[in-house]
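Residue-level structure breakdown
Residue strings, one per chain:
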Amino acid sequence: NKRIIIVFIILSLAIFFRFYKIHDFMIFGMDQENEMLIVKNIVSGKHFPLIGLSSSDTGTYRGPLFLYLSVIPYILFHGNPIGGAVTASLLGVIVSLLIYKIGTKMFSSSVGLVGALIYSGSFLVAYYDRQFWNPTFISFLSLLIGFLCFEVVKKKSYLLSIILIILFGISTHAHLTILIFIPLIIWTLWQIRSKISIKRLLIILIFLFITQLPLVIFDFRHNFLNSRALVNSFMTTSNSKMNSNFPDRRDLFLSTLGRFIWVPPVSDFMVESGQCKEYLPLMKNQMLFGISLLVFIFACLIYRYYRDRFNAKFDGGLYIPVSLTLITLVFITFYNHQIFQYYFSFLFPWLSILLAWCIVMLWRQRWMKYIIFPALILYLSLNIFTLLTSKYSFSYKEKIDALSFASNKVKQASYSLEALGECPRFGGQRYLAEYIIGTPIHSYMDSYFSWLYPETIKTDPKEFIVLLSMIEHHMSADLIEKWEKIKLQYILNYNIVSQARFDKIHVLILSQK
């Protein structure tokens, strides 16, 4: 009964972190807009894709399963993007529960509880758990794949190895960071090699092939476009591929580890999300916390080994989070593409379990209780303080308010949607404008997405221009000057019918002179 109460408190904490001000902290950007437009076409019967979204700058495409699953919240919430945020947040709560379950099975109930507490109370994790896009499922899938690796080795089960391979194949539809599990999966299969004949190995490969079948069909229909892009990504060394160096990747990884523990309060997550290149130098550096976290983990491992050695009962599943951490270090050493914070989503649940193992191991020393308990309270207090004091510039709510204002002015008239600024203008405004105001006959995003709605683009004269000015101080002086000049041209060439400001979003309704 006591354990059930503790689990309930932890899950309540997870819900609070993921649903508090969900309109303010949810992300709806260019990636989400792209996905929503594709899903809209699936629901309307206009197009049923065999591929998913492209994978960074490799030119390859992932599988379409995430897009198919996205149909569910789209229908349930009638195309409202908040449905994705609710779905993602619920999944984050489920991951917290899974950490408790898996931590208990692999180690002990204490490890499960502490791991779930750490994951639930991390502001950085909760922030990404609100974001509905293809990497949303990575933490969930990472937990299941790692646990299945553990179970396959423990039970020497061929059947579980098939389930593991199927799950891995499906996971590649979400995000290619899941490929980090390949060494661990190969090692897992090697551990039960006596149970895998040639015939059984072929069966495993067939199941893996089936999970990639939509991509195979697409390739046959499009002259092996995806396969050729995959080969080229390994054979060529373009500037777009060589756009990061080891010191940058190392620093980002260490800072992300530190931010996993604590993001400083009064933060602006338009900056801190790490998804806008121009804001990367402005992110609060938490490398010291990240280094301290790694030192703490490896000190715990060394202490455990030399004091008591490892035993199967308490440390049996330790190789899963430890090996993933080591593989991640290899990844950031040799992967020369640009990486972002969310790339480490696969590691966050296992990092929570690994930290929990360290804490429970040290808790057995009587005097350590007086250090660990206050440290956990401090950890939760700092993250709650950050949650209550931080903001998100150009938040989803502000975009909705701005476009609702425009809707009241434009009504049923034809209009063009334009936006000024750098990163903030790629915030899903084209989809939101269609959802709130009605379909524009032209928009600044048509050069990116017009292939998804060619029938809506018209050359007819527009009655209004809805201009969203998102020029803000984080940009360089040159960029501010550039966009202010463009804004001035609009003001000089058109009549201002109405205008309003929603924090940093300046809405102007313009008409022909």
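Shown above is the structure to which this text applies.
So, here's what we can say about the structure. (Residues numbered from 1 in each chain as written. Predicted model: local features only at pLDDT ≥ 70, side-chain atom pairs only at ≥ 80, totals over all residues. Heavy atoms only, no water.)

1. A few points about the overall build of the protein chain
Tallying secondary structure elements over the protein chain gives 24 helices and five strands in all. A compact globule built from 513 residues would reach a C-alpha radius of gyration of about 24 Å, and the protein chain, at 25 Å, matches this within 12%. In terms of principal-axis extent, the alpha carbons of the protein chain reach across some 80 × 55 × 45 Å. Within the protein chain, buried positions represent 57% of all 513 residues. Accessible area for the protein chain stands at about 23,200 Å²; split by element, carbon and sulfur atoms hold 66% of it. Each charge class in the protein chain was averaged separately, 47 positive and 29 negative side chains, and the resulting centres sit 14 Å apart. (Helix = DSSP H or I, 4+ residues; strand = E, 2+ residues; numbered from the N terminus. Rg over C-alpha atoms; globule rule 2.2 N^0.38 Å. Buried < 20%, exposed > 50% of the residue type's maximum accessible area, 1.4 Å probe, protein only. Areas by Shrake-Rupley, 256 points an atom, 1.4 Å probe, with all protein chains shown as cover. Lys, Arg positive; Asp, Glu negative; His and termini not counted. Charge placed at Lys NZ, Arg CZ, Asp CG, Glu CD.)

2. Points about the pattern of salt bridges
For the structure shown, the criterion picks out nine salt bridges. In this structure, D129 engages R18 in a salt bridge whose closest nitrogen and oxygen atoms are separated by 2.8 Å. Placement of the pair is D129 in helix α7 (residues 123-129) and R18 in helix α1 (residues 2-19), with a sequence separation of 111 residues. In terms of burial, D129 and R18 fall into one category: buried. Of the charged contacts, one joins K40 and E434 as a salt bridge, the two residues approaching to 2.1 Å between their closest N and O atoms. Residue K40 is located in helix α3 (residues 30-44), and its partner E434 is located in helix α22 (residues 429-436); the two are separated by 394 residues in the primary sequence. A relative accessible area of 28% means that K40 is categorised as partly exposed. (Salt bridge = Lys/Arg side-chain N within 4 Å of Asp/Glu carboxyl O.)

3. Quick word on the packing of helix α11 (residues 198-211) against helix α12 (residues 213-221)
Contact pair α11 / α12: the axes reach a minimum separation of 4 Å and the direction vectors enclose 65 degrees. Looking at the two axes, α11 sits roughly perpendicular to α12. Contacts between α11 and α12 pair F209, I210 and T211 from the former with L213, P214 and V216 from the latter. The class makeup of the residues in the contact of α11 with α12 is five nonpolar, one polar and no charged. (Axes fitted to C-alpha atoms, helices over the stretch in contact; angles between N-to-C directions. Parallel < 35°, antiparallel > 145°, perpendicular 65-115°, else oblique. Contact = heavy atoms within 4.5 Å. Nonpolar A, V, L, I, M, F, W, Y, C, P; charged D, E, K, R; others polar.)

4. Looking at the pairing of strand β5 (residues 505-512)
In terms of burial, β5 is largely enclosed, as seven of its eight residues are buried. In the sheet, strand β3 (residues 464-469) pairs with β5 via five bridges, with the strands oriented antiparallel. The residue bridging S469 from the neighbouring strand is H506, located in β5. Inspection of the sheet shows strand β4 (residues 494-502) paired to β5 by eight bridges, in the antiparallel sense. Within β5, the residue paired with I496 across the bridge is L510. (Pairing = 2+ DSSP bridges.)

5. Focus: the pairing of β3
Extensive coverage of β3 is indicated by the burial of six of its six residues. Burial along β3 is two-sided: the residues F464, V466 and L468 and I465, L467 and S469 are all buried.

6. Brief notes about the state of the cysteines
Evaluated as defined, the whole model comprises one disulfide. Unpaired in terms of disulfides, C358 finds its nearest cysteine sulfur in C300, a separation of 3.4 Å. A residue is classified by how much of its surface remains accessible, and C358, at 0% relative accessible area, is buried. (Disulfide = S-S within 2.5 Å.)

7. Observations regarding a nonpolar patch on the surface
A cluster of nonpolar side chains, I206, F207, F209, I210, L213 and I217, forms an exposed patch at the surface whose accessible area comes to about 510 Å². For the nonpolar patch, the secondary structure elements donating two or more residues are α11 and α12. For the nonpolar patch, the element with the highest residue contribution is α11, accounting for four residues. (Patch = residues over 30% accessible without salt bridge, like charges linked within 9 Å, V, L, I, M, F, W, Y side chains within 5 Å.)

8. Overview of the sheet that holds β3
The strand order β2-β1-β3-β5-β4 describes an open sheet built from five strands, whose pairing is mixed. The sheet terminates laterally at β2 (442-443) and β4, the two strands that pair on one side only. Relative to strand β1 (residues 415-420), α22 is tilted by about 145 degrees, and along the sheet it contacts β1, β2 and β3.

9. Some remarks on α12
Restricting attention to buried positions, one finds in α12 the residues P214, L215, F218 and D219. The buried residues of α12 all sit within an arc of 135 degrees when viewed along its axis, so they share a single face. In α12, the exposed residues that point more than 90 degrees away from the buried face are F220 and R221. Directly beyond the C-terminal end of α12, a positive phi value near 55 degrees is found at N223. (Arc of directions from axis to C-beta.)

10. Quick look at the packing of aromatic side chains
Summed over the entire model, instances satisfying the criterion amount to 30 aromatic pairs. Here a set of aromatic residues connected by ring pairs shows up, and it is made of F25, F123, Y127, Y128, F269 and Y392. (Phe/Tyr/Trp six-rings, centres within 6.5 Å; stacked < 30°, edge-to-face > 60°.)

11. Considering the side chain of E422
Among the secondary structure elements, E422 is positioned in the loop between β1 and α22. One polar contact links E422 to W483, side chain to side chain, over a distance of 2.7 Å. Each residue touching E422, except ones within four places of it in the same chain, is listed here: E278, M475, L479, K482 and W483. (Polar contact = N/O pair within 3.5 Å; in protein donor to acceptor, adjacent residues only side chain to side chain.)

12. Points about a positive patch on the surface
Together, K156, R193, K195 and R200 make up a region of like positive charge exposed at the surface. Assessed through its relative accessible area of 34%, R200 is described here as partly exposed.

13. Some thoughts on the environment of W187
By secondary structure assignment, the location of W187 is in helix α10 (residues 182-191). In the structure, W187 is positioned 34 residues away from V153 in sequence and 9.5 Å away in space, judged by C-alpha atoms.

14. So, the environment of I339
As for its position among the elements, I339 is in the loop between α18 (319-334) and α19 (348-363). On a C-alpha basis, the gap between I339 and I203 in space is 35 Å, while along the polypeptide they are 136 residues apart.

15. Side note on the nonpolar core
Membership of the largest hydrophobic core comes to 158 residues, with the highest contact counts inside it found for I145, F181, I185, W350 and L468. When sequence neighbours within four positions are dropped, the list of residues in contact with F181 reads S142, I145, G146, L324 and W350. Residues I471, M475, Y494 and L508 belong to the second largest nonpolar core, which totals 10 residues. (Core = buried A, V, L, I, M, F, W, Y, C linked by side-chain atoms within 4.5 Å.)

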